[in-house]
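What follows is the residue order along each chain.
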Amino acid sequence: MSVRPDVKAFFDPATNTISYVVKDPASNACAIVDSVLDIDYAAGRISHDSADRILEFLESRGLDLQWIIETHVHADHLSAATYIQDRAGGKIGVGEKITLIQETFGKIFNEGTEFQRDGSQFDALFRDGDSYRIGELRCFAMETPGHTPACMVHVMGDAAFVGDTIFMPDGGSARADFPGGDAATLYDSIQKVLSLPDETRLFMCHDYGPNGREIRWETTVAEEKADNIHVGGGKTRDEFVAFRTKRDAELNMPALILPSLQVNMRAGTIPEDSGGRPMLKVPVNGL
């Protein structure tokens, strides 16, 4: 964790998502974390501007894409993992509990037997503590359930990519009321992240600019422990669970949850109907 990888952030204002290119400082090897596939949901149109910006960046720097990492099955944006892989290579990796997500939402979306629920759409299913390399850079995955059962934080050198496990200190934490989510489990996962060395850089998957501040996506373990409004300053598990449960009951569903889940549990592939046409479903009263 003493190695400091080069991190380039790409902010998507439509979904407040931050994607990253993480480069091994000793080579041209890199990974992409939490890519975005653009959608005009009202018009039913998919586009690739966000992913193409990342691909152009890779090409301009002569980077070798080795990994396309998904920190979890996102409910607020679509993944461009397959689109990127088709153009630049790399292995798509996600947590092994993707199978729980596929089983749960396979039923909600009434997917047929042709939809595999074994995670085979992905190239690698990470278990807690699994390690891998980006060039010479050693990385490892930490299981951090609570927001969803399949959430993982990926530690790459001195940088940790936290997905929705935790937000910037003034943003607090993500909701824990999705199927398989749990506030107490999320608190424990956050404490696991905060057990990393204080100087570890933490990179957010989302930021919403609380109170009108400019968008930010990088902080440290020390800053989160001291100042996070939901878990910092010694807040207890019981306090967190009480707050998170009350807060989650007041939240609306994410605007893109229905297309996001269908695409993301397939590693970024758009589902097709029986005639081979790209097609998304809207289950009525399913969530």
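Residues numbered from 1 in each chain as written. Predicted model: local features only at pLDDT ≥ 70, side-chain atom pairs only at ≥ 80, totals over all residues. Heavy atoms only, no water.

Student: I would appreciate a short explanation of the state of the cysteines in the present structure.
Tutor: Simply put, the disulfide is a covalent bond whose two ends are the sulfur atoms of two cysteines. Under the criterion given, the structure shown has zero disulfides. Residue Cys139 stays outside any disulfide, its sulfur separated by 11 Å from that of Cys30, the closest cysteine. No disulfide involves Cys205; its sulfur sits 9.6 Å from that of Cys151, the nearest cysteine. Judged by relative accessible area, Cys205 falls into the buried class, the value being 1%. (Disulfide = S-S within 2.5 Å. Buried < 20%, exposed > 50% of the residue type's maximum accessible area, 1.4 Å probe, protein only.)

Student: Looking at this structure, I do not really get the pattern of salt bridges. What am I missing?
Tutor: Side-chain pairs of opposite charge can arise where the charged atoms are in close proximity. Going through the model one piece at a time under the given rule, you end up with 19 salt bridges. Between Glu111 and Lys281 there is a salt bridge whose closest N-O contact spans 3.8 Å. Of this pair, Glu111 sits in the loop between α3 (98-108) and β8 (124-126) while Lys281 sits in the segment after α7 (257-264); the two residues are 170 residues apart in sequence, bridging distant segments of the chain. What makes Lys281 partly exposed here is its relative accessible area of 34%. Put simply, Asp207 and Arg213 hold a salt bridge, and the shortest N to O gap is 2.7 Å. Arg213 shares its class with Asp207; the two are buried. Connected via shared salt-bridge partners are Arg4, Asp158 and Arg201. (Salt bridge = Lys/Arg side-chain N within 4 Å of Asp/Glu carboxyl O. Helix = DSSP H or I, 4+ residues; strand = E, 2+ residues; numbered from the N terminus.)

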